[in-house]
Protein chains: 2
Amino acid sequence: MALLPASTCRRLRFIFQTLIKYLHGFVNETDLTTDEWMAAIQFLTRVGQTCTPLRQEMILLSDVLGVSALVDSLNNPVEGDATENTVLGPFYTDDTVHIANGEGIASEGKGDYMYVEGQVLTTEGGPIPGAIIDTWESDSDGFYDTQYSNRSHPDCRGRLRSADDGSFGFRAIVPVAYPIPGDGPVGELLLTMNRHNMRPSHLHMMVEAPGYHKLVTAFYPEGCKFIQSDSVFGVKKSLVVKLEQIDDDDEARKRGFPVGASFKLMRLKIVMLTNEQFKYYRAKNAKSKETV
Amino acid sequence: MALLPASTCRRLRFIFQTLIKYLHGFVNETDLTTDEWMAAIQFLTRVGQTCTPLRQEMILLSDVLGVSALVDSLNNPVEGDATENTVLGPFYTDDTVHIANGEGIASEGKGDYMYVEGQVLTTEGGPIPGAIIDTWESDSDGFYDTQYSNRSHPDCRGRLRSADDGSFGFRAIVPVAYPIPGDGPVGELLLTMNRHNMRPSHLHMMVEAPGYHKLVTAFYPEGCKFIQSDSVFGVKKSLVVKLEQIDDDDEARKRGFPVGASFKLMRLKIVMLTNEQFKYYRAKNAKSKETV
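Residues numbered from 1 in each chain as written. Chains lettered and ligands numbered in written order. Predicted model: local features only at pLDDT ≥ 70, side-chain atom pairs only at ≥ 80, totals over all residues. Heavy atoms only, no water.

If you check an unreviewed UniProt entry, chain A appears there as Intradiol ring-cleavage dioxygenases domain-containing protein from Pisolithus tinctorius Marx 270. Note on chain A: under the UniProt heading Sequence similarities (unreviewed entry), the record states "Belongs to the intradiol ring-cleavage dioxygenase family." Checking UniProt for chain A, the heading Cofactor (unreviewed entry) contains the comment "Fe(3+)". (UniProt positions renumbered as here; feature names shortened; annotations may be inferred.)

Have a look at this one:
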């Protein structure tokens, strides 16, 4: 099996030479003791052993050290008003529900009502029809459906397609801030580092359309107290959105909420790069001559 | 539980700041792709999951990247003719056999005869009596006893004490070169890197005596073809020893070998630092002001 995807010998050599240089640099600069090294070995071992098909503690470690956010930034250059990428997180799953535009992703009682509506657009402002939009969020207790051991079906997640004019809309719930899993070695690490383990409230979204670069992002309602100190460094200024409070029976009915219900409205503009645009900007931003 | 032993807040902060600096430096310099990062995450996860109470693949990874050897060197300064430390390796176990001086550690048929004899000494050349000497080696097939799933008792390992004049001696077998475990992710890594996975032949030794700094070392018979390319970077020049060929009935009989047997003789001089000497040299060699 290939340890590294699509890698040439030259690239591989470069990566390992660089890895060894930086690893040894770290050990030298900290003058790491044998006990500290052994603690690190045992810690990494436990991180690996905490992983299951539904839990990826090694990604979580990468997340809290800011490595995931850095890799994501390097690989997804910001250009013009194209929607920024951010970290995928450990809670995406392909086991989701297909819904039509205007339907809901969350079952009743999972949280306060929110309606998400927007348009998928090109950088020139034209509509992108038929884009596949995957979205997922935690419930109001801060848990994703996959975190429940008795999960029988997807909840608070769904997949829909943008309409001919690029528009989409769905009922969801107001996101809440929640802690990343604190019962494993990464949770212990944060405690040891005197860091909290909260993520600001957010709604995940992954958008794909033929000819366009796949977008992995999330939207963060403004005002959350953890927005400046996200434990996984996922927040970007352009991804912070304002939620509108809607107290209007007609608007609620139009969107399929119960009569008399008020709800929050999240309006989104999703701007995608074509594959050609993406390749061009990625090459322009490449830091290394040895980049694949 | 403490993630880091005996660490102050200040030390901890320094270690993590430095870790993050070097990790991000590596990712930046290689301009790591998302696919490469994901391959690394999956690789590290598999390394953790390959570990069992009898197999430590994460240490093996540290070994083949030269990190274990570097940590060992930093923590065990070379001074005068004190015996040099080297990597512990993954095959030490406390489950061993206590023997008297002159007895054997290997059962019959495990390999060619070798007798090990030497003296444990201070840096001034005085004897260190009662030093506890732990020793272990692979059999002539290149496997340690702990690598056999049907292991019922320790073999090719033993524990003895130096006599009043610091001397010790025991029957063993001639060490052979052997591959480090190649059936796990670290084996795949070496293949990918086009590196062999052999260790030159060696005999492990760990020596402890009250008031002296514990020595973890190994001795490498000269002439092994892998001595210049040890896959875990454990060889040091001062630890390369000459084996003498002994074809003398009296010598064989004296050491408990069968009449007519010829054997190799490994002569060792083991020089230990006192705890005070060790502390002094370690502080003198410290690279970092933040060292514990």
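Considerations on the sheet that holds strand β8 (residues 215-221) of chain B
Strand pairing in a sheet relies on backbone hydrogen bonds, with the paired strands running either antiparallel or parallel. All names here are of chain B. Taken in spatial order, the five strands make up an open sheet running β3-β2-β7-β8-β9, and their pairing is mixed. Of all the strands in the sheet, the pair left with one neighbour each is β3 (157-161) and β9 (240-241). Summarising the sheet, β8 and β9 pair through two bridges and their orientation is parallel. By the bridge assignment for β9, proline 221 is matched with valine 241. (Pairing = 2+ DSSP bridges. Helix = DSSP H or I, 4+ residues; strand = E, 2+ residues; numbered from the N terminus.)

Here's the deal with the interface of chain B and chain A
In this complex, chain B contributes 61 residues to the contact, which on the side of chain A involves 61 residues. When chain B packs against chain A, the two sides together hide about 6000 Å² of surface, and 68% of this comes from carbon and sulfur. Put simply, chain B and chain A have six salt bridges between them. The partner of aspartate 31 of chain A in a salt bridge is arginine 282 of chain B, and the shortest N-O contact between them spans 3.4 Å. At the boundary of chain B and chain A, one finds 24 residue pairs in polar contact (both at pLDDT 80 or more). Contributions of two or more residues to the side of chain B that touches chain A are made by α1 (9-30), α2 (34-50), α3 (57-64), α4 (67-75) and α5 (185-192) of chain B. (Contact = heavy atoms within 4.5 Å. Buried area = accessible area lost by both parts, 1.4 Å probe. Salt bridge = Lys/Arg side-chain N within 4 Å of Asp/Glu carboxyl O. Polar contact = N/O pair within 3.5 Å; in protein donor to acceptor, adjacent residues only side chain to side chain.)

Points about the UniProt feature "domain: Catechol dioxygenase N-terminal" (unreviewed entry) in chain A
Mapped onto this numbering, the UniProt entry gives "domain: Catechol dioxygenase N-terminal" (unreviewed entry) at residues 11-82 of chain A. Helix makes up 75% of residues 11-82 of chain A and strand 0%, with an end-to-end C-alpha separation of 30 Å.

Digging into the side chain of serine 138 of chain B
Its location among the elements puts serine 138 of chain B in the loop between β2 (132-136) and β3. Beyond its immediate chain neighbours, meaning those up to four positions away, serine 138 of chain B contacts Phe143, Tyr144, Cys156, Ile173, Val176 and Tyr178 of chain B.

Structural notes on the UniProt feature "domain: Intradiol ring-cleavage dioxygenases" (unreviewed entry) in chain A
Mapped onto the present numbering, the UniProt feature "domain: Intradiol ring-cleavage dioxygenases" (unreviewed entry) falls at residues 89-251 of chain A. Across residues 89-251 of chain A, helical content stands at 7% and strand content at 31%; the span's end C-alpha atoms are separated by 33 Å.

What about the packing of α3 of chain B against α5 of chain B?
All names here are of chain B. Look at α3 against α5: their axes get within 9 Å of each other, and the N-to-C directions meet at 25 degrees. As judged from the angle between their axes, α3 and α5 are roughly parallel. From α3, Glu57, Leu60, Leu61 and Val64 reach across to α5, where they touch Pro185, Val186, Gly187, Leu189 and Leu190. Residues that form the contact of α3 with α5 fall into these classes: seven nonpolar, one polar and one charged. (Axes fitted to C-alpha atoms, helices over the stretch in contact; angles between N-to-C directions. Parallel < 35°, antiparallel > 145°, perpendicular 65-115°, else oblique. Nonpolar A, V, L, I, M, F, W, Y, C, P; charged D, E, K, R; others polar.)

Comments concerning the pattern of salt bridges
Scanning the entire structure with this criterion turns up 46 salt bridges over all chains. Among the salt bridges present, the one from arginine 11 of chain B reaches glutamate 36 of chain A, with a minimum N-O distance of 2.6 Å. With arginine 11 of chain B in helix α1 and glutamate 36 of chain A in helix α2 (residues 34-50), this residue pair bridges two chains. By relative accessible area, which is 2% here, arginine 11 of chain B ends up buried. Note that arginine 151 of chain A is salt-bridged to aspartate 145 of chain A, the shortest N-O span being 3.2 Å. In this structure, a network of salt bridges that share partners links the residues Glu117, Glu244, Glu251, Lys254, Arg255 and Arg267 of chain A. (Buried < 20%, exposed > 50% of the residue type's maximum accessible area, 1.4 Å probe, protein only.)

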